[in-house]
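# Examining the three-dimensional arrangement
One-letter residues, chain by chain:
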Amino acid sequence: MIRLALLRHGHTAWNREGRLQGRSDIPLDDAARAELAQLRLPANWASADLVSSPLKRAVETAELVARRAPRVDPALIEMNWGDWEGQHGAKLAENPANGFRHIEDWGWTYCPPGGETPDALRNRLTPWLDTLRHDTVAICHIGTMRVLMAMATGWDFDGPAPFRIKRNRLFVLSVAAGRLSLSPDPERLERI
């Protein structure tokens, strides 16, 4: 069995503004950098393999909390929000004509215009999981985490998720024989 700890990147200006980021390469904001510089991975994860999405916000989060450079893997890049990237989710939700749905109403096959379905992301992540050989910390994005955690819990993007993704916490999955399971208790990053 291999353990996989998922960590969401720190805040960006677009996060704070409620904009959909997707694959737009928005860096961490100064407040996130200052906060993450005061945190570190728990000791039991310090020597784990370290991998991140190629987007700046994930790479920088990894460098700050692990004090080392991650291996970058394109499989961990955020879900593509297509035409909705950079827009405010709340504004999109106000106009039913544009087809916007909250993630809890997507199912595995809903696709934002010009974007990517959760199923497409799952198909990208499944072969990546097969490459894991050691306990691994992956710094990535909420969409990537949702898909991996859905795979572990059986959630089908229909109704409320059985988990809540918060920042500065490791969400630990066990990977064994192609199956995932989610630990019920996230681990907090440690203060320096």
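Above this text sits the structure in question.
Residues numbered from 1 in each chain as written. Predicted model: local features only at pLDDT ≥ 70, side-chain atom pairs only at ≥ 80, totals over all residues. Heavy atoms only, no water.

Let's shift gears to the overall build of the protein chain. Assigned secondary structure in the protein chain consists of six helices and nine strands. On C-alpha atoms alone, the protein chain measures out to a radius of gyration of 16 Å, which is about the 16 Å that the 2.2 N^0.38 rule sets for 192 residues. Once the C-alpha set of the protein chain is aligned to its principal axes, its extents read approximately 50 × 40 × 25 Å. Taking the intrachain contacts of the protein chain between residues at least 6 apart in sequence as the baseline, contacts between residues at least 24 apart amount to 67%. In the form shown here, the protein chain has an accessible surface area of approximately 9,000 Å², with 49% of it arising from carbon and sulfur atoms. (Helix = DSSP H or I, 4+ residues; strand = E, 2+ residues; numbered from the N terminus. Rg over C-alpha atoms; globule rule 2.2 N^0.38 Å. Contact = heavy atoms within 4.5 Å. Areas by Shrake-Rupley, 256 points an atom, 1.4 Å probe, with all protein chains shown as cover.)

The next thing to look at is the packing of helix α5 (residues 118-129) against helix α6 (residues 142-153). If you want to describe how two helices pack, look at the angle between their axes and the distance between the axes. Contact geometry of α5 with α6 gives a least axis separation of 10 Å together with a crossing angle of 75°. Classified by the angle their axes make, α5 and α6 are roughly perpendicular. Counted together, Pro 118, Leu 121, Arg 122, Leu 125, Thr 126 and Leu 129 of α5 and Gly 143, Thr 144, Val 147, Leu 148 and Met 151 of α6 form the full contact between these two elements. Partitioned by chemical class, the residues of the contact of α5 with α6 number seven nonpolar, three polar and one charged. (Axes fitted to C-alpha atoms, helices over the stretch in contact; angles between N-to-C directions. Parallel < 35°, antiparallel > 145°, perpendicular 65-115°, else oblique. Nonpolar A, V, L, I, M, F, W, Y, C, P; charged D, E, K, R; others polar.)

What the rule picks out here adds up to ten salt bridges. Salt-bridge contacts for Arg 16 lead to Asp 29; the nearest nitrogen and oxygen are separated by 2.5 Å. Taken together, the residues span a long stretch of sequence, with Arg 16 in helix α1 (residues 13-17) and Asp 29 in the loop between α1 and α2 (30-37) at a distance of 13 residues. Note on Arg 16: relative accessible area 46%, which makes it partly exposed. What makes Asp 29 buried here is its relative accessible area of 15%. (Salt bridge = Lys/Arg side-chain N within 4 Å of Asp/Glu carboxyl O. Buried < 20%, exposed > 50% of the residue type's maximum accessible area, 1.4 Å probe, protein only.)

So, to be careful, I would describe these as geometric facts and stop short of saying anything about function.
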